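Chain and residue survey
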Amino acid sequence: MKDTFCSYYTNSDDITSYMARRLTISRNDVILEPSAGEGIFIDEILKLNTPVQIDALDINGKAISVLEKKYQGNNAVTVRKTDTLPDERLDTFGIPTLWIKETDTLVDEQLDCFGIIGGHYDKVIGNPPYGAWQDYDKRDLLKKKYPGQYVKETYSLFLLRCISVLKMGGRLSFIIPDTFMFLNLHSKLRELLLTTAKIEEIITFPSKFFPGVNFGYSNLSIITLEKAEKVDALNNTIRIVQGFQAASEFQLLFEGNELPAHLRTFNLKQADIYANTQHRFIIADNSIIDIINNAAVRLGDVANVVTGFYTGDNKRFIRALDDTIKGSKSYEKINPDLVFPCASLHGIENVSEGYIPYVKSASKTRYYRTNDEWFVRWDKETINHYNGNKKSRFQNSVFYFKTGVAIPMVKASTIRAFLIENRVFDQSIVGIFPKDISKLYYILALMNSDIVNELIHTINPTANNSANYVKQIPYIEPEKAVLEKIESKVKSIIECIKQDKSDDYEEIHCELNSIINQIYGT
């Protein structure tokens, strides 16, 4: 269930059971649930029948009321709603005690005090909100409180906050998106995480394991850690497990037996992750890790990697070729009489309504797109509208109508890069424009190779090929004779596509792929 606070409630017994077991709860533990929601983790802890104290916090007053009613009738629990978190001297453990507080965990003053004294909690468990909206005043406050952190993403701040209030040696289990491991925006989070805690285990799995939840941008993860000094943290080795087919498989991790073949396990030393660029988790075979870490030159050094134009109102200004075009259902179809040749940022001259070919979506074929599927309005009057409209964006307009390589922003299992010439390209397209145009066909071959496909999926496993990650692809250039050979084969492929000789095209592509694998040493 999702509410206005971007809380995804953990309605999965397999998930809550796994996380509670990872905490290794002991008698008299003081436990924090920083985003209590419906009390699912509290229920799991109470099942253990172990005397503990639980501090349950939530910013949502309705959730607090639900928790009060839910546990008030439980004879095994003493429920107390409080305006302040408990004083340690007043804690008693004769019976389990649940303290409930309506507060903003990220700015709560009592939690500030707990952080200053070096921690208060033995254990923390939770499913913090992902991407909850913060107004601009709140963002300013959070930027001061969490310097260097990406304050638009709440889960990362919850993670840092809760580590700060853990006692040394205290344990935490959180369910969060796996984007903390590799997105550029979370580099500062990774730096602090890797130096203040021994990360015991990270498991990743599809969001659909949550009943009623399914977002395609990334996977979810459960991270289990122990607060530690920097030296101990960097000497620690993390177990990362991927490939789960069902949440019920989480329990296999406790059994000590050999895991099924579909579960992939990686053991990464924290010091090695810390040494990676931006402290990024690189989860791949050693050969791929070496290529990424040892690259002297990256694609962004030899090419401009940019995104393109946004009209501000696509349904109004963009037309599709016909009904067969993927994603065109809600778009008007182009009148061919309104399509004009133009290569000017100032627009088509002497027409009241005119369109030009527009690169907007993925190509059905690698290397070359045989026909234009989308068109954007580009008459002078409309250009004037774009220039005066706050929503329209002439992003990287110096590259409009230039020759380069295009890949779609939305990632597929296999990248299909294609040539763009004399076209404006959409913001959903990443354009790659070689600084030396003689390398155009080599870069086109690279972007269609298996090795570069694996590299980009490793550098950024999310659903997007954003320009900042494409720039980071290692670039290895062979000697001139090999470059010329690759260029010749790419030109042959383009001719095959134009002549609809798909068998010949695939054969040459396989040859290119083999050559590039040799260049990259795989």
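Just above, that's the structure.
In what follows, the accompanying structure is described. Residue positions are given per chain, counting from 1 as you read along its sequence in written order. Thresholds applied to this predicted model are a pLDDT of at least 70 for local features of residues and 80 or more for the giving and counting of side-chain atom pairs; totals over whole chains, interfaces and linings are not thresholded and use all residues. The basis for every side-chain value is the complete set of non-hydrogen atoms in the structure, without hydrogens or water.

With that settled, the discussion passes to the sheet that holds strand 18 (residues 429-434). Two strands qualify as a pair provided that DSSP identifies no fewer than 2 bridges between them. Numbering of helices and strands runs from the N terminus, with a helix taken as a DSSP run of H or I at least four residues long and a strand as a DSSP run of E at least two residues long. Within the open sheet, the four strands sit side by side as 11-18-15-16. Their pairing is antiparallel. Edge positions in the open sheet fall to strand 11 (303-307) and strand 16 (418-420), since each of these has one partner strand only. When strand polarity is set aside, the average angle formed by the axes of neighbouring strands in this sheet is 35°. Examined bridge by bridge, strand 15 (residues 404-408) and strand 16 share three bridges and lie antiparallel to one another. A fitted line through C-alpha atoms represents every axis, and for helices the fit uses only the stretch in contact; the resulting angles, taken between N-to-C directions, go from 0 to 180 degrees.

Attention now goes to the side chain of asparagine 184. Topologically, asparagine 184 is positioned in the loop between strand 6 (166-177) and helix 7 (187-196). Judged by its relative accessible area of 18%, asparagine 184 falls in the buried class. Only protein chains enter the accessibility calculation, which uses a 1.4 Å probe; a residue whose area is less than 20% of its type maximum is buried, one above 50% is exposed, and one in between is partly exposed.

Here the focus is helix 13 (residues 380-388). For helix 13, the set of buried residues is Thr382, Ile383 and Tyr386. Buried residues of helix 13 fall within an arc of 105° about the axis and therefore sit on the same side. Along helix 13, the residues that are exposed and aim more than 90 degrees away from the buried face are Glu381, Asn384, Asn387 and Gly388. This arc corresponds to the set of directions leading from the helix axis out to the C-beta atoms.

The subject of this paragraph is the environment of tyrosine 355. Secondary-structure assignment places tyrosine 355 in strand 13 (residues 355-359). Its relative accessible area of 1% is what places tyrosine 355 among the buried residues. Residues contacting tyrosine 355, with those up to four places away along its chain left out, are Phe317, Arg319, Ile334, Leu338, Val339, Phe340, Ile348, Phe375, Val376, Arg377 and Trp378. Looking at tyrosine 355, its side chain comes within polar contact range of the side chain of glutamate 353, at 2.7 Å. By definition in these notes, contact holds between two residues if any of their heavy atoms fall within 4.5 Å. By the criterion applied in these results, polar contacts are pairs of N or O atoms within 3.5 Å in which, for protein atoms, one can donate a hydrogen and the other can accept it, and in which residues neighboring in sequence qualify only through two side-chain atoms.

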